Amino acid sequence: MSTPAIDITGLTKTYGRDRGIEDVNLRIEEGEIFGFIGPNGAGKSTTIRVLLNLLFPTSGKAQILGLDVARDSKEIKYHTGYVPSDANAYSQMEADEFFRYCGRFFRSDGNERRIRELTELFEVDRRRKISDLSMGNRKKISIIQSLLHKPKLLIVDEPTTGLDPLMQARFFELLRSENHRGMTVFYSSHSLSDVQMLCRRVAIIGEGRIITVEEIEALRKRQLKKIYIEFNNSENNTVMELPGIEDTPLISGRTVKFLYSGDINRLISALHDRGIADMTIEEPSLEEIFMHYYY
Amino acid sequence: MNSNLFIRELRNNALSLVIWTGVISALTALTMSFYGIFLENNQNILAMISILPEGTLQFKGISDVNDLFSVLGFYSANNVIYMLVLGSIYSIVLSSGILLREEENKTAEFLLAWPLTRGEIFFSKALVVLLNVVVINIVTAVTGYISLEIVKREPFSTDAFLVMSVYTLLLNLFFASLGLFMSTLVKKARPITTLSIGLVLILYFIFTISNITEGLSMIGYASPYKFVSLDTLNPEYGIELTSVLYFFTFSLVFMLFSFRLYRKKDIYL
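What this report covers is the structure whose coordinates are included nearby. Just so you know, these numbers come straight off a predicted model, no measurement behind them.

## Concerning the overall build of chain A
The helix and strand inventory of chain A stands at 10 helices and 14 strands. Each principal axis of the C-alpha atoms in chain A carries an extent, and together these give about 75 × 45 × 40 Å. When burial is assessed residue by residue, chain A has 51% of its 295 residues classed as buried. Within chain A, contacts between residues at least 6 apart in sequence are counted, and of these 68% link residues at least 24 apart.

Rendered as structure tokens:
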């Protein structure tokens, strides 16, 4: 069996009042695009910061490419790239100066072509001071910085914040093509839709613990919908007995609200002669999915 | 040591080095240019000093009023404020911020994701601190020496001048290592600058108060200023072994502890 890109076993990090993470186990194979999702404060950034050795584990261990994250941190970082969630690069530098500064830390130095390719792809003005750039442009700077040395593993934390849809699409395209060349991606986000577009597998973290590791396909199959129905009069407003209704419907006056995971056609046919005034079907938020499945 | 980081840090801190060095040198030269006037009005000055509260001179490290009329005594009294206090503030502010600024500005997330060990980060930055403190000391001392040569009415002891300059450097390095040490203890960067400046001033006041208040002389030993001798006019004036040991030991211990703490420090952002 090949060495996993990331191997985390029994990892716990506790500090002060913050929750941290508890007994996290994850194994990400080389060549994967792996999603890591959870609500804010669930422990995503803590996990990443342990991987990058900003934080030291309280117990358990983590390896990247077979090397220990604390002991072999320097060696690991020749092969990893990181896009932090806060795009606060060195604000007093020009973009170009920053890329060169960053490039000099790696063994491969002459990466002018790589800088040009990436800055052209993201339409970044290399002469601008980083502090003068918008949030989205600073995010692009961090993304470019993370890819300059062609890492074997890319760790990204909320990378699309601030990016416009066009740039987001280019970024995803770039991740896919780098992935084809063998780069593993660890994609942390609170947005399920980003992760669904890119990843095959996803780990869901909540309150510092891994709740589940699933194939995206499986998650999608039992995708929940949030249904609101407003009936013409409250007499029609009886609770329906239908497989796929996931919770006790909330009834108030002429409206009913519930989570549904079954076949939409069956729902429609069950409703068609009930005299409906209005109806909405929504994607539930990630939090609602968590609340529903895991608590 | 990482040369890329070292050079970057030198550049980051160059402006503040130039400003501090420039201001202190200018103040030194300006003050020394008043020496002639000061000497010519010695009767008036003595009369003025006599109405000052007792201890005012002690505050500037002067034990005998007449010392002020020798050019080296005059220089030393002003150097206390300029280099022993301001220079120490420069040193501690520089050193306490150099590691923490990366956390404060959240650039630590980049720095620590690049192939560098904590030790390389620590020593590259510590070396920048050392270099800057040495530079500000050399430049201000040279300015001081030239000023002395220009305004002097009678010869002064170059040896005594050098001894005082060495004491100043040792004290500044003490504060520099203390600043590094403090910065590895705290989690948040913001209050550290205020705290550092406050600490220099408090230690200086402890020293002066212990000098002017009978019965409190023992508390002076809580302050590194106690180990700086300014008795420049004493023919026996030289570098005391206890002072050298004191400064070397403390600076080394602070450095060693900072390094050990930084190597294992959790970086919160």
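## Some remarks on the sheet that holds strand β3 (residues 33-37) of chain A
All names here are of chain A. As summarised here, the arrangement of the six strands in space is β6-β7-β8-β3-β9-β10, forming an open sheet in which the pairing is mixed. With one partner strand each, in any of the chains shown, β6 (80-83) and β10 (209-215) form the two edges of the open sheet. Here the average twist between neighbouring strands, direction ignored, is 15°. Sheet topology note: the β3/strand β8 (residues 184-189) ladder contains five bridges and is parallel. Within β8, the residue paired with Phe 34 across the bridge is Phe 186.

## Brief notes about the packing of aromatic side chains
Residue and element names in this part refer to chain B. One pass over the structure, following the stated rule, counts 45 aromatic pairs over all chains. Ring plane angle 35° and centroid distance 6.4 Å describe the contact between Tyr 167 and Tyr 237, whose orientation is recorded as tilted. Placement of Tyr 167 in helix α8 (residues 158-185) and of Tyr 237 in the loop between α9 (192-212) and α10 (241-263) is noted, with a sequence separation of 70 residues between them. We note that Tyr 167, like Tyr 237, is buried. Relative to Phe 227, the ring of Tyr 221 lies with its centre 5.9 Å away and its plane at 70°, an arrangement referred to as edge-to-face.

## Regarding the nonpolar core
Ranked by internal contacts, the top residues of the largest apolar core, which has 103 residues, are Phe 98, Phe 186 and Tyr 187 of chain A together with Trp 114 of chain B. If you tally residues by element for this core, the top one is helix α7 (residues 118-151) of chain B, at seven residues. Val 85, Ile 89, Phe 207 and Tyr 225 of chain B belong to the second largest nonpolar core, which has 48 residues in total.

## Some words on the sheet that holds strand β14 (residues 276-282) of chain A
All names here are of chain A. In space, the four strands of this open sheet follow the order β12-β13-β11-β14, with antiparallel pairing throughout. Looking at the sheet topology across the chains shown, the edges are occupied by β12 (250-252) and β14. Across the sheet, the mean angle separating the axes of adjacent strands is 15° when strand polarity is ignored. Where strand β11 (residues 225-231) and strand β13 (residues 255-260) come together, six bridges link them in antiparallel fashion. Paired with Lys 226 across the bridge in β13 is Leu 259. Seen against the sheet, helix α9 (residues 264-271) touches β11, β13 and β14 and runs at an angle of roughly 165° to β14.

## With respect to the interface of chain B and chain A
Each side of the interface is counted separately: chain B has 27 residues, and chain A has 27 residues. Of the roughly 2700 Å² buried where chain B meets chain A, counting both sides, 58% is carbon and sulfur surface. Linking chain B to chain A there are six salt bridges. With a shortest N-O distance of 3.1 Å, Arg 8 of chain B and Glu 97 of chain A are connected by a salt bridge. Joining chain B to chain A, the criterion identifies 16 residue pairs in polar contact (both at pLDDT 80 or more).

## Considering the packing of helix α4 (residues 71-98) of chain B against α9 of chain B
In a pair of packed helices, the angle between the axes and the distance between the axes together describe the arrangement. Residue and element names in this part refer to chain B. At a minimum axis distance of 9 Å, the contact between α4 and α9 shows a crossing angle of 150°. Viewed along their axes, α4 and α9 adopt a mutual orientation that is roughly antiparallel. The interaxial crossing formed by α4 with α9 has right-handed handedness. Contact residues: Val 80, Ile 81, Val 85, Ser 88, Ile 89, Ile 92, Val 93 and Ser 96 in α4; Ile 192, Thr 193, Ser 196, Ile 197, Leu 199, Val 200, Leu 201 and Tyr 204 in α9.

## Structural notes on the pairing of strand β1 (residues 6-15) of chain A
Residue and element names in this part refer to chain A. Of all 10 residues making up β1, seven are buried, and the element is well covered by its neighbours. When β1 meets strand β4 (residues 59-64), the two strands line up antiparallel, connected through five bridges. Across the sheet, the residue bridging to Thr 12 is Ser 59, located in β4.

Reading the values: the criteria
- Residues numbered from 1 in each chain as written.
- Chains lettered and ligands numbered in written order.
- Predicted model: local features only at pLDDT ≥ 70, side-chain atom pairs only at ≥ 80, totals over all residues.
- Heavy atoms only, no water.
- Helix = DSSP H or I, 4+ residues; strand = E, 2+ residues; numbered from the N terminus.
- Buried < 20%, exposed > 50% of the residue type's maximum accessible area, 1.4 Å probe, protein only.
- Contact = heavy atoms within 4.5 Å.
- Pairing = 2+ DSSP bridges.
- Axes fitted to C-alpha atoms, helices over the stretch in contact; angles between N-to-C directions.
- Phe/Tyr/Trp six-rings, centres within 6.5 Å; stacked < 30°, edge-to-face > 60°.
- Core = buried A, V, L, I, M, F, W, Y, C linked by side-chain atoms within 4.5 Å.
- Buried area = accessible area lost by both parts, 1.4 Å probe.
- Salt bridge = Lys/Arg side-chain N within 4 Å of Asp/Glu carboxyl O.
- Polar contact = N/O pair within 3.5 Å; in protein donor to acceptor, adjacent residues only side chain to side chain.
- Parallel < 35°, antiparallel > 145°, perpendicular 65-115°, else oblique.
- Left-handed = near helix turned anticlockwise from the far one by under 90°.

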